[in-house]
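Close look at the chain arrangement
Letter by letter, the chains look like this.
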Amino acid sequence: MEYLDFEQPIKELEEQLQKCSLIGEESDVDVTNTCKQIEKKLAETKKDIYKNLTAWQRVQLSRHPNRPYTLDYIKALCGDTFLELHGDRNVKDDKAMIGGLGKIGDQSFMLIGQQKGYNTKTRQYRNFGMANPEGYRKALRLMKSAEKFGLPVVSFIDTPGAYPGLEAEERGQGEAIARNILEMMRLKVPVIVIVIGEGASGGALGIGVGDKVMMLENSWYSVISPENCSSILWRSWEYKEIAAEALKLTANDAKRLKVIDSIIKEPLGGAHTQREETFATVKDTILSTFKDLKNLSASELVEKRMDKYSNMGVFKG
């Protein structure tokens, strides 16, 4: 288990508990009461830390190296039924954007999402979860296929942003994202969007328009990352914590500002601490959300979706 800087008190207590248990196993000394006291203190410390997380700490949790990524969710939800589909039929297959058909329960879905890597080799292979224009065009091709066959779409967002390289701009990065936003707005099938980690800028918006948009408790959704915001305003990354607070990027902020519809609770300590529990919660959320949307006609879906986004940011004095 890897620990973040603010989780050090938890690490120390867990090490103490491990040593205490070891002493009990290797000697005749009764350490039951001592272990219970450490366990109690550990539970209180966890509760205290995770119930009072700052915006920056939630950003750190969203990037935790052990946090489940898009493919982890898809494999857990769909099992062997997932069939990955490749290519945008134009340039190439973008490994940072994955998509395909899969069954959750008895219902078929088109699943799309950004995929990050687990180590140096796979991070390079997945381009750190930063999709090129062909990634967004692949996603749109799959969504259009879903519309053709009347299948609901599930979109998993987890990206530090769309790839900002020269070649991406040459191939029309801005146009590809804008086209996706326009086409997703008028898709005639239910679209469920879940921010599972980082939701940064247009890279997130490119697959982020939906009838129901949800965020995991320790994910974030913003026009820019705290570090980049800090570097623009203060010419330094040192003020990233202040930037994180100012950006109002947490799930609670997004819900209050009506940018998202609901928050999916995570286990204490984050999604990576109890993966199976997280997968089960996400599965239940997707199925219950689809149940609410499936009886709406195509015209009702589009009308409600357009109304929802048109009303965002409206201020009544």
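Whatever comes next refers back to the structure up there.
Procedures and definitions
- Residues numbered from 1 in each chain as written.
- Predicted model: local features only at pLDDT ≥ 70, side-chain atom pairs only at ≥ 80, totals over all residues.
- Heavy atoms only, no water.
- Helix = DSSP H or I, 4+ residues; strand = E, 2+ residues; numbered from the N terminus.
- Buried < 20%, exposed > 50% of the residue type's maximum accessible area, 1.4 Å probe, protein only.
- Polar contact = N/O pair within 3.5 Å; in protein donor to acceptor, adjacent residues only side chain to side chain.
- Contact = heavy atoms within 4.5 Å.
- Expected span 1.5 Å × (residues − 1).
- Arc of directions from axis to C-beta.
- Core = buried A, V, L, I, M, F, W, Y, C linked by side-chain atoms within 4.5 Å.
- Salt bridge = Lys/Arg side-chain N within 4 Å of Asp/Glu carboxyl O.
- Patch = residues over 30% accessible without salt bridge, like charges linked within 9 Å, V, L, I, M, F, W, Y side chains within 5 Å.
- Areas by Shrake-Rupley, 256 points an atom, 1.4 Å probe, with all protein chains shown as cover.

In this structure, Gln16 sits in helix 1 (residues 8–26). The class for Gln16 is partly exposed, based on a relative accessible area of 42%. Here the alpha-carbon distance between Gln16 and Leu42, two residues 26 residues apart in the chain, equals 9.9 Å.

What follows covers the side chain of Thr70. Looking at the element boundaries, Thr70 is found in helix 4 (residues 70–78). Looking at Thr70, its side chain comes within polar contact range of the main-chain oxygen of Gln114, at 2.5 Å. When neighbours within four sequence positions are excluded, Thr70 is seen to be in contact with Ile98, Gly113, Gln114, Gln115, Phe156 and Ile196.

Once that is clear, we can look at unusual backbone geometry. Positioned with a positive phi, Arg235 is a non-glycine residue whose angle comes to about 60 degrees. Looking at where Arg235 falls in the secondary structure, it is placed in the loop between helix 10 (226–234) and helix 11 (240–247). Notably, Lys248 is not glycine yet its phi reads approximately 50 degrees, a positive angle. When its relative accessible area of 40% is taken as the criterion, Lys248 is described as partly exposed.

Here helix 1 spans 27 Å end to end across 19 residues, near enough to the 27 Å set by a 1.5 Å rise per residue. Of all the positions in helix 1, only Ile10, Leu13, Leu17 and Cys20 are classed as buried. On an axial view of helix 1, the arc spanned by its buried residues comes to 90 degrees, and they lie on one face. Counted as exposed and oriented over 90 degrees from the buried face of helix 1: Gln18, Lys19, Glu25 and Glu26. Taken together, the buried residues of helix 1 touch helix 2 (32–50).

Ile112, Tyr136, Val153 and Tyr221 are the most contacted members of the largest nonpolar core, which totals 33 residues. For this core, the secondary structure elements donating two or more residues are strand 3 (107–114), helix 6 (133–148), strand 4 (153–159), helix 8 (173–185), strand 5 (191–200), strand 6 (212–216) and helix 12 (251–256). With residues up to four places along the chain from it excluded, the contact list for Tyr136 reads Met97, Gln114, Ala131, Ala162, Gln173, Ala176, Ile177, Asn180, Gly202, Gly203, Gly206 and Ile207. Counting residues in each nonpolar core, the second largest holds 25 residues, with Leu71, Leu77, Ile98 and Ile286 among its members.

With that settled, the discussion passes to the pattern of salt bridges. The final tally for this structure, using the stated rule, is 20 salt bridges. Between Arg63 and Glu198 there is a salt bridge; the shortest N-O distance is 2.8 Å. Here Arg63, found in the loop between helix 3 (55–62) and helix 4, pairs with Glu198, found in strand 5; they are 135 residues apart in sequence, far enough to count as distant. Look at Glu198 and you get buried, because its relative accessible area is 5%. Residue Arg67 is joined to Glu266 by a salt bridge in which the shortest nitrogen-to-oxygen separation is 2.8 Å. Placement of Arg67 in the loop between helix 3 and helix 4 and of Glu266 in the loop between strand 8 (262–264) and helix 13 (275–293) is noted, with a sequence separation of 199 residues between them.

Turning our eyes to something else, we now look at a nonpolar patch on the surface. On the surface, Ile232, Leu233, Trp234, Tyr239 and Ile242 cluster together into a nonpolar patch covering about 500 Å² of accessible area. No other element matches helix 10, which puts three residues into the nonpolar patch.

Function-wise, these values are silent; they only describe arrangement.
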